[in-house]
Amino acid sequence: MASVLAGLALLGVGLYVLKLWTGMDAKTLSRFVMRTGAWLALTGAVGALVTGRIGAAIPLAVVGLALLGRVSPNGDWKSALGGLFGGGAARVSRVRSAMLEMALDHRSGTLTGRIIAGPLAGTELDSLDLPALLSLRTTLDPQSLGLIEAYLDRRAPAWREHVQGDAGRGNMGGGRPVDTAMSEEEAYQVLGLEPGADEAAVRAAHRTLMKKLHPDQGGSDYLASRVNQAKDVILRRHR
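It should be emphasised that the depicted structure is a prediction, and the values quoted were computed from it without experimental measurement.

**So, the pattern of salt bridges**
For the coordinates displayed, the defined rule picks out six salt bridges. Of the charged contacts in the structure, one is a salt bridge between Arg96 and Glu101, with a shortest N-O distance of 3.1 Å. A relative accessible area of 42% means that Arg96 is categorised as partly exposed. What makes Glu101 buried here is its relative accessible area of 15%. Between Glu149 and Arg137 there is a salt bridge, with its nearest N and O atoms 3.0 Å apart. With Glu149 in helix H6 (residues 142-155) and Arg137 in helix H5 (residues 130-137), the pair connects residues that are twelve residues apart, well separated along the chain. Look at the salt bridges and you will find they share partners, linking Arg96, Glu101 and Arg114 into a network.

Have a look at this one:
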């Protein structure tokens, strides 16, 4: 127990020096500290359990699992702990616009969506039939239009045949959605990563997503452009 606490104290000093050297923001530093502290506590708990010190193992395990839950994307220590052994929940990339939120499962490549504004706010796209989705297209802003078209390309690849002369665009002007500015926080969400992920993790997530967005997988040029943008935004800090 004492050795674990000493290790945490040493870690705190080291992270303070790291913050001064790299300029890491407070939020990223906080998550990094909690994640590292969680694994140190859990490692100490296992060591205490193996040596028969159950009284020390229990509080260390409680602290470790609590910290792990704080840094898990789902707020669930079980998924974070399972991820250590390769059995955790799959990463999910999230892209938002004014009207829609889309989620792409890295493992399965499944793309799902939800309306987040307007009369249908809270409605899952999977619950709408094709005519309703095509009708919804005419009411969307350019970024939301790009997202729903990506969803339609996966769910109903022949959907464009139902739009006579591209009339379904209505007042959207027929132009492709333009890229918007992306914050670093949003970039991590797009790649399905936690803030502070290193360059190797960023590049690995980018490769995985680009494979899922290949035309043979019902890919989307718009989503691919957002994934590329997210990678560039994050890696800018690593240069």
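**Describing the sheet that holds strand E3 (residues 111-115)**
Overall, antiparallel pairing links the three strands, which are arranged E1-E2-E3 in an open sheet. Only two strands of the sheet have a single neighbouring strand rather than two, namely strand E1 (92-96) and E3. Taken over all neighbouring pairs, the strand axes of this sheet differ in orientation by 20 degrees on average, direction set aside. Bridging between E1 and strand E2 (residues 100-105) involves five bridges; their strand directions are antiparallel. Bridging from a neighbouring strand, Ser93 pairs with Leu104 of E2.

Conventions and cut-offs
Residues numbered from 1 in each chain as written. Predicted model: local features only at pLDDT ≥ 70, side-chain atom pairs only at ≥ 80, totals over all residues. Heavy atoms only, no water. Salt bridge = Lys/Arg side-chain N within 4 Å of Asp/Glu carboxyl O. Buried < 20%, exposed > 50% of the residue type's maximum accessible area, 1.4 Å probe, protein only. Helix = DSSP H or I, 4+ residues; strand = E, 2+ residues; numbered from the N terminus. Pairing = 2+ DSSP bridges. Axes fitted to C-alpha atoms, helices over the stretch in contact; angles between N-to-C directions.

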